[in-house]
Amino acid sequence: MAYFKHESAYVDEPCEIGEGTKIWHFCHVQSGAKIGQKCILGQNVNIANNVTIGNFVKIQNNVSVYEGVVLEDYVFCGPSMVFTNISDPRSKYPQVGKEFYKPTLVKEGASLGANSTIVCGHTIGRFAFIGAGAVVTKDIPDFAL
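The present account deals with the structure reproduced in this document. Nothing here was measured: the structure is a model prediction, and the numbers come from that model.

1. Notes on the state of the cysteines
Here comes step 1: According to the stated counting rule, one finds 0 disulfides in the structure shown.
Here comes step 2: Cysteine Cys 15 is unpaired, with the sulfur of Cys 27 as its nearest cysteine sulfur at 12 Å.
Here comes step 3: A residue is classified by how much of its surface remains accessible, and Cys 15, at 17% relative accessible area, is buried.
Here comes step 4: Distance from the sulfur of Cys 120, which forms no disulfide, to the nearest cysteine sulfur (Cys 77) is 16 Å.

Structure representation (structure tokens):
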């Protein structure tokens, strides 16, 4: 195994995890996930089925990366930030399956501040910086603050 996995973490097969990646306490990497090299998944991170994560990505504690989300290289996800993947979720009429998911792309070098929320169906541009607590409801251009 060319990556580190804490004994309390779960990694479902099949998935791909790059060399030098560290998966810390209470994480769950679900089947079909692809995680690049030298990434860090902090405590209690969930990587859903079929998620793609680039190289050198840092995901802080308590973040769930849901199916439909793609993180390119060098993305930073601050503590407890949130991704969504369905724009109008309902409990009584659940929308199950990737045909309901709206894709979210976070481009190279973007930083997503603590407790920010990224509403699905949008793109965060290269090296953009999303402040702590912000709610993103539209596409964000490259280098935006």
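That shown, we press on.
2. A closer look at the nonpolar core
Here comes step 1: In terms of nonpolar packing, the biggest core is built from 37 residues, with Ile 47, Ile 59, Leu 71, Phe 83 and Ile 124 touching the most fellow members.
Here comes step 2: Residues within four places of Ile 59 in sequence aside, it is in contact with Ile 40, Leu 41, Gly 42, Val 45, Ile 47, Ile 53, Val 65, Leu 71 and Cys 77.

3. Some remarks on the side chain of Thr 21
Here comes step 1: Tracing the backbone shows Thr 21 in the loop between β3 (16–17) and β4 (22–23).
Here comes step 2: Within the structure, the side chain of Thr 21 is placed 2.6 Å from the backbone oxygen of Gly 36, a separation counted as a polar contact.
Here comes step 3: A polar contact is formed between the side chain of Thr 21 and the backbone nitrogen of Lys 38, at a distance of 3.3 Å.
Here comes step 4: Beyond its immediate chain neighbours, meaning those up to four positions away, Thr 21 contacts Tyr 3, Phe 4, Ile 35, Gly 36, Gln 37, Lys 38 and Cys 39.

4. What about the packing of aromatic side chains?
Here comes step 1: One pass over the structure, following the stated rule, counts 3 aromatic pairs.
Here comes step 2: Judged by centre distance (4.8 Å) and plane angle (50 degrees), the rings of Phe 4 and Trp 24 are tilted. Taken together, the residues Phe 4 in strand β1 (residues 4–5) and Trp 24 in the loop between β4 and β5 (28–29) connect sequence positions 20 residues apart.
Here comes step 3: Judged by relative accessible area, which is 35%, Phe 4 ranks as partly exposed.
Here comes step 4: Seen in terms of ring centroids, Phe 127 and Phe 143 are 5.9 Å apart; in terms of plane orientation they differ by 10 degrees. Their pairing is stacked. Placement of the pair is Phe 127 in the loop between β18 (123–124) and β19 (129–130) and Phe 143 in the segment after β20 (135–136), with a sequence separation of 16 residues.
Here comes step 5: Assessed through its relative accessible area of 38%, Phe 127 is described here as partly exposed.
Here comes step 6: With a relative accessible area of 57%, Phe 143 lands in the exposed category.

5. Some thoughts on the sheet that holds β1
Here comes step 1: Spatially, the 7 strands line up as an open sheet ordered β1-β4-β7-β10-β13-β16-β19, and their pairing is parallel. Of all strands in the sheet, those bounded by a partner on one side alone are β1 and β19.
Here comes step 2: By the bridge criterion, 2 bridges tie strand β10 (residues 58–59) to strand β13 (residues 76–77) in an arrangement that is parallel. In the sheet register, Lys 58 faces β13, and the bridge partner there is Phe 76.

Conventions used here
- Sequence order as written defines the numbering, with residues in each chain counted from 1.
- Residue-level local features of this predicted model are given only where pLDDT is at least 70; pairs of side-chain atoms are given and counted only at 80 or more, and the full residue set underlies all totals for whole chains, interfaces and linings.
- Side-chain metrics rest on all non-hydrogen atoms present in the structure, leaving aside hydrogens and water.
- Two cysteine sulfur atoms form a disulfide, by the criterion used here, when they sit within 2.5 Å.
- Burial classes follow relative accessibility: with a 1.4 Å probe on protein chains only, a residue under 20% of its type's maximum area counts as buried, one over 50% as exposed, and anything between as partly exposed.
- Think of a nonpolar core as a cluster: buried Ala, Val, Leu, Ile, Met, Phe, Trp, Tyr and Cys residues, connected wherever their side-chain atoms sit within 4.5 Å.
- Every residue pair with non-hydrogen atoms within 4.5 Å of one another is taken to be in contact.
- Counting from the N terminus, the helices are DSSP H or I runs at least four residues long and the strands are E runs at least two residues long.
- Nitrogen and oxygen atoms within 3.5 Å of one another constitute a polar contact, given that in protein one can donate a hydrogen and the other can accept it, and given that sequence-neighbouring residues count only through two side-chain atoms.
- Planes of paired rings set the category: under 30 degrees apart is stacked, over 60 is edge-to-face and the rest tilted, where pairs are Phe, Tyr or Trp rings (Trp by its six-membered ring) whose centres lie within 6.5 Å.
- Pairing between strands is defined by DSSP: at least two bridges between the two strands are required.

Geometry only, nothing functional implied.
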